[in-house]
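Each chain, written out:
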Number of protein chains: 2
Amino acid sequence: METIETEKELFIKMVIAEWDKQNNNFNKILSSLNDDQISKEIAPGKNTGTYLVGHLIAISDAMLPLLGFGEKLFPQLDSVFVKNPDKSGLKIPSVSELKEQLKSVHAKLTEHIRSVSPAEWFSRHMAVSEEDFEREPHRNKLNVIINRANHMSYHLGQLVLLQDNSRK
Amino acid sequence: METIETEKELFIKMVIAEWDKQNNNFNKILSSLNDDQISKEIAPGKNTGTYLVGHLIAISDAMLPLLGFGEKLFPQLDSVFVKNPDKSGLKIPSVSELKEQLKSVHAKLTEHIRSVSPAEWFSRHMAVSEEDFEREPHRNKLNVIINRANHMSYHLGQLVLLQDNSRK
């Protein structure tokens, strides 16, 4: 049993390490940009950095209820950064407000992620019914982490374009 | 034993499903763009679509030796699309050549991925020594898939900017 438990812990560790890596990259990119750069469009006519930052925070915030960790911290972000596109006319928080919100969401999410047991990671996430989960056991909490890491990577590839000397 | 083996298989399935999803997205984005669009810069002064497509093919091709599946199919891509930046002056394959190469690399990679046993996925990849692997067992073949899916997501977030009406 010992070895088997270790293997399960190992792949949970692999998934969370990739998630942590993307979050570190997000913070690195954010701190490489000033507020003026963040407010610009990533390419002509495309989303602004502010929108993408708000979008990533809103998606991470939504992971709290999805993973059974509690309520969203900033439910108002959903309308501005998920349900509606950029330049919707809705009031957008300032970059410094967004950075504070990111810190809070990330702290709460990390605290919970660190305390989930191996068995819990393979239990269903909150957007799948018990019935569906029986047929589709891959729709578990750990799979949410795999998916959201990729979602973050996708938008980090865009945010990095706001750096002056980056072609990456 | 039955249940435990199933859990391991489930985890492998989750990781490969995300990889497949990114590859499908890559193909979808590619087929939504004409050659002229692909040859453009994703944003002023940044990489061209051609470079990013070549880069993604080269990285996938390099997974063949890394995962112990055999030699690279197109080792010449490494110099043009990995070791050197865009606009290096090196001869670049045409978009239609790149699309053919993508098809070959993806077919060979997929064929091998489908045949790896669960135990093999948790064995070391070819860029880590046996000694290091003993200390860092997360540096296994499956972890390469997790990492490369995120790498592909990152650049797909950029390629999609070449679509006329996309702000995503």
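That block above? That's the structure.
Residues numbered from 1 in each chain as written. Chains lettered and ligands numbered in written order. Predicted model: local features only at pLDDT ≥ 70, side-chain atom pairs only at ≥ 80, totals over all residues. Heavy atoms only, no water.

### Notes on the overall build of chain A
At step 1: Regarding its fold elements, chain A presents 8 helices and 0 strands.
At step 2: Going from N to C terminus, chain A has its helices and strands arranged as α-α-α-α-α-α-α-α.
At step 3: The C-alpha extent of chain A, read off along each of the three principal axes, is 55 × 30 × 25 Å.
At step 4: A total of 168 residues make up chain A; the buried ones form 49% of that total.
At step 5: Put simply, of all contacts in chain A between residues at least 6 apart along the chain, 66% involve residues at least 24 apart.
At step 6: Accessible surface for chain A amounts to roughly 8,000 Å². Of this, 52% is attributable to carbon and sulfur atoms.
At step 7: Charge centroids of chain A, computed over 21 positive and 23 negative side chains, lie 6 Å from each other. (Helix = DSSP H or I, 4+ residues; strand = E, 2+ residues; numbered from the N terminus. Buried < 20%, exposed > 50% of the residue type's maximum accessible area, 1.4 Å probe, protein only. Contact = heavy atoms within 4.5 Å. Areas by Shrake-Rupley, 256 points an atom, 1.4 Å probe, with all protein chains shown as cover. Lys, Arg positive; Asp, Glu negative; His and termini not counted. Charge placed at Lys NZ, Arg CZ, Asp CG, Glu CD.)

### Details of the packing of aromatic side chains
At step 1: Per the counting criterion, the structure on display carries 6 aromatic pairs over all chains.
At step 2: For the ring pair Phe11 of chain A and Phe11 of chain B, a centre distance of 3.7 Å and an interplane angle of 10° mean the geometry is stacked. Here the residue Phe11 of chain A occupies a position in helix H1 (residues 2-32), and Phe11 of chain B occupies one in helix H1 (residues 2-32), the pair thus bridging two chains.
At step 3: Judged by relative accessible area, Phe11 of chain B falls into the buried class, the value being 0%. (Phe/Tyr/Trp six-rings, centres within 6.5 Å; stacked < 30°, edge-to-face > 60°.)

### Section: the relation of the copies chain B and chain A
At step 1: Superposing chain B onto chain A takes a rotation of 180° plus a shift of 0.0 Å along the axis, which leaves an RMSD of 0.0 Å. Both chain copies can therefore be described as sitting about a two-fold axis. Rotation axis and chain B: the residue whose C-alpha lies nearest the axis is Tyr154 of chain B, separated from it by 2.0 Å.
At step 2: A symmetric contact is evident, with 100% of the interface residues of chain B recurring at the interface of chain A. (Least-squares fit on C-alpha atoms with pLDDT ≥ 70 in both.)

### Digging into the interface of chain B and chain A
At step 1: Taken residue by residue, the interface counts 42 residues in chain B and 42 residues in chain A.
At step 2: Summed over both sides, the interface between chain B and chain A buries roughly 3,500 Å², with carbon and sulfur atoms accounting for 61% of that surface.
At step 3: Scanning the region where chain B abuts chain A turns up 2 salt bridges.
At step 4: Across the chain B-chain A interface, the total number found is 11 residue pairs in polar contact (both at pLDDT 80 or more). (Buried area = accessible area lost by both parts, 1.4 Å probe. Salt bridge = Lys/Arg side-chain N within 4 Å of Asp/Glu carboxyl O. Polar contact = N/O pair within 3.5 Å; in protein donor to acceptor, adjacent residues only side chain to side chain.)

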